[in-house]
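# Coordinates in review
Here is how the chains run, residue by residue.
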Amino acid sequence: MTHLMTKLVLQLALVIIVARLLGWFFPKYLKLPKVLGELVSGMIIGPYALGGISLEILHGPIFHMPPGAELAITPELYGFAVVASIVLLFFSGLETDLPTFLKFSGKGSVVGLGGVIVSFVFGDLLTVLLMPQVHSVMDPAALFLGTLSTATSVGITARILSEKRKMSSPEGVTILAAAVLDDVLGIVLLAVVVGISKVSTTHGPIPWAHIGWIALKAFGFWIASTVIGIIVAPKLTRGLKRFKSMDMIASISFGIALLLSGLAELAGLAMIIGAYVIGLALSQTDISHEIQKKMHGVYEFFVPVFFSVMGMMVNFEAMKGIWAFGLVFSLVAILGKLIGCGIPAFFSGFNLRGVLRIGCGMLPRGEVTLIVAGIGLSSGAIGHDLFGVSIMTLLVASVVAPPLLIKSFDGGSGYRKKFAAAGGQHNVQSIELSFPSPRMSRFILELVLDSFRNEEFFVQQMDLDRDIYHVRKDNLTITVILDDTTLTVNTQPEHEQFVRLLMLEEILVLKDFLGGLEGMKSPDMMGAEMLRGMFSSPENNGLEG
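Residues numbered from 1 in each chain as written. Predicted model: local features only at pLDDT ≥ 70, side-chain atom pairs only at ≥ 80, totals over all residues. Heavy atoms only, no water.

### Considerations on helix H14 (residues 323-347)
Definition in use: A run of DSSP states H or I qualifies as a helix once it reaches four residues; a run of E qualifies as a strand once it reaches two. Both are numbered from the N-terminal end. To estimate how far a helix should reach, multiply one less than its number of residues by 1.5 Å.
Helix length check: H14, at 25 residues, gives a terminal C-alpha distance of 37 Å against a target of 36 Å (1.5 Å per residue), a fit within 8%. Once H14 finishes, Gly 349 follows within two positions and takes phi at roughly 115°, a positive value.

Structure below.
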């Protein structure tokens, strides 16, 4: 036991250090998503690469493959990856803005559903046509590859949209709503496919009745648990608040996510459904943002481990004869998203420029793709060769998508002229404030967000690595972005005056507070004096400026 734990500690040390370093290097120097760096780190240090080299001090390789094992890593390390996937989907649920998703569910749902259906069909049929060992569209291998073709990584897309200041544009809102639907349908599809993989469908008649029951159970579990969760969440929140400790609230909330994940697995579904449902239910409460803040350290520890461990499972030897299929599958997966999302977008009022933007925005693959592939590999439904194909698809799509999406936003509107009147409601008014220092801009950001919360707005952080916030109440939607010393607030033109007045009210309250500090020099007021000095510095031309 001591030897196993020592090895586990050394493995985790290596995984965390290399994953974080490459996760930092890829976006900074290669301008690629950090998830790719974390994934590549696993490929480099995994058992099929440097991790398979024997070390005398360990009497063998650090990532030793147990003989006859289904997975290339130890159960202990894989256990960390499973918990990491639960953390990942719990956060995905917390970050989902359900009311806004439902509000824009018209165009977004049509686009998302089209992308899911076409991608799934393309992935499933291509596997049957080009893989000799797969004989049926209901073969678990074909179903798993079809399912992993459906997911979209909303994080990569959201970051690009925020940088281009297109988060609240017609294309941006449609992409985000469609991406949420993609993830939900992908997770439910995964539950169905996991159930199907547990029965033999490769020989004899297809048990449609059993498959129908699995699908009904998956959708029923998700819908029932989501509805119950949303109803119970406010009462649960009130109960948790009695502890008067956000650390306690965040810990118990995650404990409940783990509990429901286990119950989902016992019900024959995927664990991640339980985690996503709890996150989704709590996303509608006023403690959602605080839970994310308190658990951010847990997220930053576990999630790179998950992506790195997934990278370790890539068997380069097993992929030798399947590179061509992997490349074709990756291109078809990209084509499936462009066609599946583009055609519904065109009939929803977007022109060809808008269609291209939405199609490119739906291309990146991420966490759900890897979770589907990992479950498929661990269950034996797919081998190391097809798992490698799924990694290749993720890499190709995530490398190709960002430059295409950035380039697609060059030019004019993505709406057709005859829809201009209907699309006018999506015009965005930007309020931009510049400050002399990052410290001042961050202070004002917190002030603005608190003012929205005080007015009972729902405030949601869209990207944990950047200061991008989605603020919503009734039909008023606002995006708040902090970029170093510049604070940008985007809203609809008809709501601009209200937003300006709300921000002005908070700043005037701050002015009165700082003005009241005049002449007070006691040691207890040192922090307040520093604050006042920050706002009255010469480069800011005084507080009034």
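### Observations regarding the confidence of the model for the chain
Parts of the model with low pLDDT should not have their predicted coordinates read in detail. Defined as follows: A residue's pLDDT is the predictor's confidence in that residue, given on a scale from 0 to 100. Contacts were defined at the residue level, with two residues in contact if any of their heavy atoms lie within 4.5 Å.
Scored by pLDDT, the chain has a mean of 77; 79% of the residues are at 70 or more. When mean pLDDT is taken per element in the chain, H14 scores highest with 90 and helix H18 (residues 420-423) scores lowest with 42. Residue range residues 519-531 is modelled with pLDDT below 50. Its contacts to residues more than four positions away, or to other chains, number 10 contacts. Taken together, the stretch residues 534-545 has pLDDT below 50 and engages in 21 contacts with residues farther than four places along the chain or on a different chain.

### Focus on the pairing of strand E7 (residues 486-491)
What counts, and what does not: Note on exposure labels: buried denotes an accessible area under 20% of the residue type's maximum, exposed denotes more than 50%, and partly exposed covers the range between, all computed with a 1.4 Å probe on protein chains only. Two strands qualify as a pair provided that DSSP identifies no fewer than 2 bridges between them.
Counted residue by residue, E7 has 6 buried out of 6 residues, so it is predominantly covered. Of the strand pairs in this sheet, strand E3 (residues 429-434) and E7 are connected by 6 bridges, and their pairing is antiparallel. The residue bridging Leu 433 from the neighbouring strand is Leu 487, located in E7. With 6 bridges joining them, strand E6 (residues 476-483) and E7 adopt antiparallel strand pairing.

### Digging into unusual backbone geometry
The residue Asp 484 is not glycine, and still its phi comes out positive at about 60°. You can see Asp 484 is positioned in the loop between E6 and E7.

### Observations regarding the pattern of salt bridges
Here is the rule we go by: Salt bridges are identified by distance alone: a Lys or Arg side-chain nitrogen within 4 Å of an Asp or Glu carboxyl oxygen.
Overall, the coordinates contain 4 salt bridges when judged by the stated rule. For Arg 20, the salt bridge identified is with Glu 300, shortest N-O distance 3.3 Å. Here Glu 300 lies in helix H13 (residues 296-312) and Arg 20 lies in helix H1 (residues 2-30), a separation of 280 residues in the sequence. Taking relative accessible area as the criterion, Glu 300 reaches 13% and is therefore assigned buried. Through salt bridges with shared partners, one network takes in Arg 20, Lys 34 and Glu 300.

### Topic: the environment of Val 192
Summarising the element assignment, Val 192 is placed in helix H8 (residues 170-197). When the C-alpha positions of Val 192 and Phe 219 are compared, they lie 8.8 Å apart, and in sequence the two are 27 residues distant.

### A short note on the nonpolar core
As a reminder, the rule being used: Definition used in this section: a nonpolar core is a set of buried Ala, Val, Leu, Ile, Met, Phe, Trp, Tyr and Cys residues joined via side-chain atoms within 4.5 Å.
The biggest cluster of nonpolar side chains holds 96 residues, and the ones touching the most others in it are Phe 90, Phe 306, Met 310, Phe 325, Leu 386 and Phe 387. What Phe 90 contacts, discounting residues up to four positions off in sequence, is Ser 253, Phe 254, Ala 257, Ala 275, Ile 278, Gly 279, Leu 282, Ile 291 and Met 295.

### Re the side chain of Thr 393
Among the secondary structure elements, Thr 393 is positioned in helix H17 (residues 384-408). Leaving out residues up to four positions away in the same chain, Thr 393 has contacts with Phe 329, Ser 330 and Ala 333.

### What to know about the side chain of Arg 357
For Arg 357, the position within the fold is in helix H15 (residues 352-361). Exposure remark for Arg 357: the relative accessible area of 3% places this residue in the buried category. For Arg 357, the contacting residues outside a window of four places in its chain are Glu 171, Ile 175, Leu 405, Ser 408, Phe 409, Asp 410, Gly 411, Gly 412, Ser 413 and Gly 414.

### A word on H1
Here H1 is 29 residues long and its end C-alpha atoms lie 41 Å apart, about the 42 Å a rise of 1.5 Å per residue gives. Along H1, the positions that sit buried rather than exposed are Lys 7, Leu 8, Gln 11, Leu 12, Val 15, Val 18, Ala 19, Leu 22, Gly 23 and Phe 26. Downstream of H1 by a residue or two, Lys 31 has a phi angle that is positive, lying close to 60°.

### Details of the packing of helix H3 (residues 75-94) against helix H11 (residues 271-282)
Put simply, the test is: For helices, the fitted axis covers only the stretch in contact; all axes are lines through C-alpha atoms, and the angles between them, taken along N-to-C directions, range from 0 to 180 degrees. Put simply, angles under 35 degrees are roughly parallel, angles over 145 are roughly antiparallel, angles from 65 to 115 are roughly perpendicular, and the rest are oblique. Each crossing is labelled by how the near helix is turned from the far one, with a counterclockwise turn of less than a right angle marking it left-handed and a clockwise turn marking it right-handed. When residue character is reported, Ala, Val, Leu, Ile, Met, Phe, Trp, Tyr, Cys and Pro are called nonpolar, Asp, Glu, Lys and Arg charged, and the others, Gly included, polar.
The interhelical angle for the contact between H3 and H11, taken along N-to-C directions, is 30°, at an axis separation of 6 Å. Between H3 and H11, the angle is such that the two are roughly parallel. The handedness of the crossing between H3 and H11 is right-handed. Only Met 271, Ile 272, Ala 275, Tyr 276, Ile 278, Gly 279, Leu 280 and Leu 282 of H11 make contact with H3, whose side of the interface consists of Val 82, Ser 85, Ile 86, Leu 89, Phe 90, Ser 92, Gly 93 and Leu 94. Each residue belonging to the contact of H3 with H11 can be placed in one class, and the counts come to 12 nonpolar, 4 polar and no charged.

### Here's the deal with a nonpolar patch on the surface
Threshold: Patch membership needs two things, relative accessible area over 30% and no salt bridge, and members are linked within 9 Å if like-charged or within 5 Å if nonpolar (Val, Leu, Ile, Met, Phe, Trp, Tyr). Under the convention used here, a 1.4 Å probe and the Shrake-Rupley method define accessible areas, while residue burial counts only the protein chains that appear.
On the surface, a nonpolar cluster with roughly 670 Å² of combined accessible area is contributed by Leu 113, Ile 117, Val 121, Leu 125, Leu 129, Leu 130, Val 137 and Val 328. Looking at the secondary structure, you find Leu 125 in helix H5 (residues 105-130). Residue Leu 125 is classed as partly exposed on the basis of its relative accessible area, which comes to 42%.

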